[in-house]
Amino acid sequence: MSLLEILRFAGRGVAANKLRSALTMLGILIGVAAVILLVAVGNGSAQAVNRSIEALGTNTITVSSTARGGTTPSALTVDIAQSLHDPALAPDVRAVSPVVNTAPTMTHAGTEHPVAQFLGTHPTYFGSSNSPVAAGAAFTEQDVTQGRRVVVLGRTVATELFADTDPVGQQVTVGGALFTVVGVLAEKSSASGFSDPNDVAVAPLTAVQQTLTGYGPVTSILVEATGPDRVNAAQQQVTQILNQRLKLPAGAAATGRGGGAGAAPYRIQNAAQLLATRTETAQTFTVLLGAVAGISLLVGGIGITNIMLVTVTERTREIGIRKALGAPRRTILTQFLAEATMLSVLGGGLGVAAALIGSRFTIVGVQPVIVPSSVALALGVSVAIGLFFGSVPASRAAGLRPIDALRYE
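Cut-off values and rules
- Residues numbered from 1 in each chain as written.
- Predicted model: local features only at pLDDT ≥ 70, side-chain atom pairs only at ≥ 80, totals over all residues.
- Heavy atoms only, no water.
- Helix = DSSP H or I, 4+ residues; strand = E, 2+ residues; numbered from the N terminus.
- Buried < 20%, exposed > 50% of the residue type's maximum accessible area, 1.4 Å probe, protein only.
- Areas by Shrake-Rupley, 256 points an atom, 1.4 Å probe, with all protein chains shown as cover.
- Expected span 1.5 Å × (residues − 1).
- Contact = heavy atoms within 4.5 Å.
- Patch = residues over 30% accessible without salt bridge, like charges linked within 9 Å, V, L, I, M, F, W, Y side chains within 5 Å.
- Salt bridge = Lys/Arg side-chain N within 4 Å of Asp/Glu carboxyl O.
- Phe/Tyr/Trp six-rings, centres within 6.5 Å; stacked < 30°, edge-to-face > 60°.
- Core = buried A, V, L, I, M, F, W, Y, C linked by side-chain atoms within 4.5 Å.
- pLDDT = per-residue confidence, 0-100.
- Pairing = 2+ DSSP bridges.

Before going further, it helps to spend a moment on the overall build of the protein. Tallying secondary structure elements over the protein gives 13 helices and twelve strands in all. By the burial criterion, 45% of the 409 residues in the protein qualify as buried. As displayed, the protein has an accessible area near 19700 Å², and 59% of this comes from carbon and sulfur atoms.

This part takes up helix H8 (residues 231–245). An ideal rise of 1.5 Å per residue puts 21 Å on 15 residues; H8 measures up with 21 Å between its terminal C-alpha atoms. Within H8 the residues assigned to the buried category are Val231, Ala233, Ala234, Gln235, Gln237, Val238, Thr239, Ile241, Leu242 and Asn243. Just beyond H8, the residue with positive phi is Lys247, at close to 55 degrees.

To continue, consider helix H7 (residues 205–213). Two residues of an α-helix separated by three or four positions point the same way, owing to the 3.6 residues in each turn. Along H7, the positions that sit buried rather than exposed are Leu205, Ala207, Val208, Gln209 and Thr211. One or two steps after H7, the chain reaches Gly214, where phi turns positive at roughly 85 degrees.

A word on the environment of Ala103. Position of Ala103 among the secondary structure elements: in the loop between strand S2 (93–102) and strand S3 (105–108). On the basis of relative accessibility, which here comes to 53%, the residue Ala103 falls in the exposed class. Residues Ala103 and Leu119 lie 16 residues apart in sequence; the distance between their C-alpha atoms is 8.6 Å. Setting aside residues up to four positions removed in sequence, Ala103 forms contacts with Val115 and Ala116.

Attention now goes to a nonpolar patch on the surface. Taken together, Leu19, Leu23, Leu26 and Ile30 make up a surface patch of nonpolar side chains, about 410 Å² in accessible area. In this fold, Leu26 is placed in helix H2 (residues 18–55).

Turning to the packing of aromatic side chains, a few remarks are in order. Scanning all chains against the criterion turns up three aromatic pairs. Taken together, a centroid distance of 5.8 Å and an interplanar angle of 80 degrees make the contact between Phe118 and Phe179 edge-to-face. Remark: Phe179 occurs in strand S9 (residues 177–185) and Phe118 occurs in strand S5 (residues 117–121); sequence separation between them is 61 residues. As far as the burial class goes, Phe118 and Phe179 line up, both buried. An angle of 75 degrees between the planes, with centres 6.4 Å apart, marks the rings of Tyr125 and Phe126 as edge-to-face.

A word on the nonpolar core. Membership of the largest hydrophobic core comes to 43 residues, with the highest contact counts inside it found for Val63 and Met106. With five residues, H8 is the single largest residue contributor to this core. Apart from the residues within four sequence positions on either side, Val63 is in contact with Leu76, Ser220, Ile221, Val223, Val238, Leu242, Tyr266, Arg267 and Ile268. With 23 residues, the next largest nonpolar core counts Ile28, Leu37, Ile385 and Ala394 among its residues.

For Ala109, which is not glycine, the phi dihedral falls at a positive 50 degrees. With respect to the helices and strands, the residue Ala109 is situated in the loop between S3 and strand S4 (111–114). Non-glycine residue Ala163 carries a positive phi angle of around 55 degrees. Looking at where Ala163 falls in the secondary structure, it is placed in the loop between helix H6 (155–162) and strand S8 (171–174).

Here we take up the confidence of the model for the protein. Regions with low pLDDT should not have their predicted coordinates read in detail. In the predicted model, the protein carries a mean pLDDT of 80, and 81% of its residues have values of at least 70. Across the protein, element-level confidence peaks in strand S7 (residues 150–153) with a mean pLDDT of 96 and bottoms out in helix H13 (residues 402–407) with 61. Low pLDDT (under 50) marks residues 255–262, which in the prediction has twelve contacts with non-local residues, meaning those over four places away or in another chain.

A word on the pairing of S5. Working note: regular strand, side chains alternate between the two faces of the sheet. Across the five residues of S5, four count as buried, placing the element largely inside the fold. The pairing of S2 with S5 spans three bridges and is classified as antiparallel. Of the residues in S5, the one forming a bridge with Thr102 is Phe118. Sheet topology places S5 next to strand S10 (residues 200–204); five bridges connect them, and they run parallel. Directly across from Thr121, in S10, lies its bridge partner Pro204.

A separate point is the pattern of salt bridges. Counting across every chain of the model gives three salt bridges. Put simply, Arg94 and Glu224 hold a salt bridge, and the shortest N to O gap is 3.3 Å. Remark: Glu224 occurs in strand S11 (residues 220–225) and Arg94 occurs in strand S2; sequence separation between them is 130 residues. Relative accessible area serves as the criterion here: at 43%, Arg94 is assigned to the partly exposed category. When the shortest N-O distance is used, the salt bridge between Arg148 and Asp143 registers 2.9 Å. According to the relative accessible area criterion, Arg148 is partly exposed, its value standing at 34%.

This is the structure in structure tokens:
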């Protein structure tokens, strides 16, 4: 019997009981679709996180204080921030932006909006943090020097307070003080599970200290390196200057805990290192999701075994007649293997189609991004499942003695 005839017989066997075959393919369909979609969700989440990190700039370093008590000698100050911009001691530092952070409620014409981040900083912050102004203009160093109450709004804040009205030139109330809107930031993409990067307002450091936070230490210092390849060098230079200014031992490490012997009372976050760590974590998470989804493929394979065992039992007399007429064991084995594989291939193909359709929709707040290798892997596994789980019932059918099969009732 030729391969074409075997496939034709296998197709007839699959079509003989449409409902049973459909339910078997449904199990494979769900398994394949689950693997592809869950891997796509993990990949989409990873890309969203990476975009958020890259939006901050991959050549930036963030220094934040871990010392308790705002007036301790180890707290970060504006003077310390300015000392980091030293061409002699820190040649790989392009710009330094001291930052104070608070979360007041902004008001305009009776509309209130609690801002997630109200930042007081210097104009260099916009370039260092990759936060371009889309409408209006950023404030200037002169605004910082004179403490002018001007503010640049994030897209979310502008929409909440002004709806469709142009906010540039309008006034908002922050902590009882009037600020004039001079610009609106370009919209940034947000990652699921993370705060809205557009729910922010940026104003001159001196104005924010005068009206909201007081003239104490700064929350953090944003340092921009001269290039992505100079971030590590800039970090070492910044660490050395900080240790000198804070009178720390030369070997003090910025562990980020602010305690313990040899630990510096500040934390340094390298955007490039953070991106690499997030990428590695996201890859592990994606593999884990795929492995969990793979269990459903295993369940589908067990379903194929059960269905094919039932099929062999129902067709015992047919098998006996064919073997009595001279059909070799190999032909019977190949036919039932072909039926099991056909079920898994059809179910796998439908699963791929379902996954491609499902990837067009947002899942748990994440836009799935299909990984081509996961499609090939899921299809390959579905075929392997058909061959593996179909081998037991196929061997049972091929091993039947003709006389026993003909006697079967």
